[in-house]
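# Observations on the three-dimensional arrangement
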Amino acid sequence: MVDLIDETDDDWPLAERVLLRALALAPADADLRGLHAWVQDQAGRPSEALATLEEALALDPEPEWLWKTGERCAEALGEPHRFVALIDAVAARRPADPWPRLVRAQQPLDHA
């Protein structure tokens, strides 16, 4: 899938259409949702990407690249607190999972 997205040559609307079709077939695929968020970010829609990332991370909060994408989106918006809100939202949806708490513990105190 990543190779196919790469071949779109920054045609983000095409990449998004491909991902949405794939997600229709595999709605619980955290990597596809994360890739969709990454495409949204690349297309200049970091706020939408954060919402999509919450869905991806609620499915699987372990992949570090998903968290890094969320952090980058919040920074692009100039709102680091949005990343902390993302962490807290995922932690609330997965209270027994240690990953959101580990990510939260790595945040600077001024972002808390």
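Right above here is the structure, for reference.
Residues numbered from 1 in each chain as written. Predicted model: local features only at pLDDT ≥ 70, side-chain atom pairs only at ≥ 80, totals over all residues. Heavy atoms only, no water.

## Topic: the environment of P98
Tracing the backbone shows P98 in the loop between α6 (81-93) and α7 (99-105). Each C-alpha atom of the pair P98 and E62 lies 9.1 Å from the other, and the pair is 36 residues apart in sequence. (Helix = DSSP H or I, 4+ residues; strand = E, 2+ residues; numbered from the N terminus.)

## Quick look at the environment of L66
By the element assignment, L66 lies in helix α5 (residues 64-76). Sequence separation between L66 and L35 is 31 residues; the distance between their C-alpha atoms is 8.5 Å. If we skip the residues at most four places from it in the chain, L66 touches G34, L53, A56, L57 and D60. (Contact = heavy atoms within 4.5 Å.)

## A few points about helix α4 (residues 46-59)
Here α4 spans 20 Å end to end across 14 residues, near enough to the 20 Å set by a 1.5 Å rise per residue. Listing the buried residues of α4 in full gives P46, A49, L50, T52, L53, A56, L57 and A58. On its buried side, α4 packs onto α3 (30-42), α5 and α6. (Expected span 1.5 Å × (residues − 1). Buried < 20%, exposed > 50% of the residue type's maximum accessible area, 1.4 Å probe, protein only.)

## A look at the packing of aromatic side chains
Here the structure, examined in full by the defined rule, presents 2 aromatic pairs. Geometrically, the ring pair formed by W12 and W38 is edge-to-face, given 5.6 Å between the ring centres and 85° between the ring planes. Separated by 26 residues along the polypeptide, W12 in helix α2 (residues 12-25) and W38 in helix α3 bring together distant segments of the chain. According to the relative accessible area criterion, W38 is partly exposed, its value standing at 27%. (Phe/Tyr/Trp six-rings, centres within 6.5 Å; stacked < 30°, edge-to-face > 60°.)

## With respect to the packing of α3 against α5
Contact geometry for α3 and α5: axes closest at 10 Å, N-to-C directions at 25°. Taken together, the axes of α3 and α5 lie roughly parallel to each other. Pair α3 / α5 crosses with left-handed handedness. In contact with D31, G34, L35, W38 and D41 of α3, α5 contributes W65, L66, T69, R72 and C73. Of the residues in the contact of α3 with α5, the class split is 5 nonpolar, 2 polar and 3 charged. (Axes fitted to C-alpha atoms, helices over the stretch in contact; angles between N-to-C directions. Parallel < 35°, antiparallel > 145°, perpendicular 65-115°, else oblique. Left-handed = near helix turned anticlockwise from the far one by under 90°. Nonpolar A, V, L, I, M, F, W, Y, C, P; charged D, E, K, R; others polar.)

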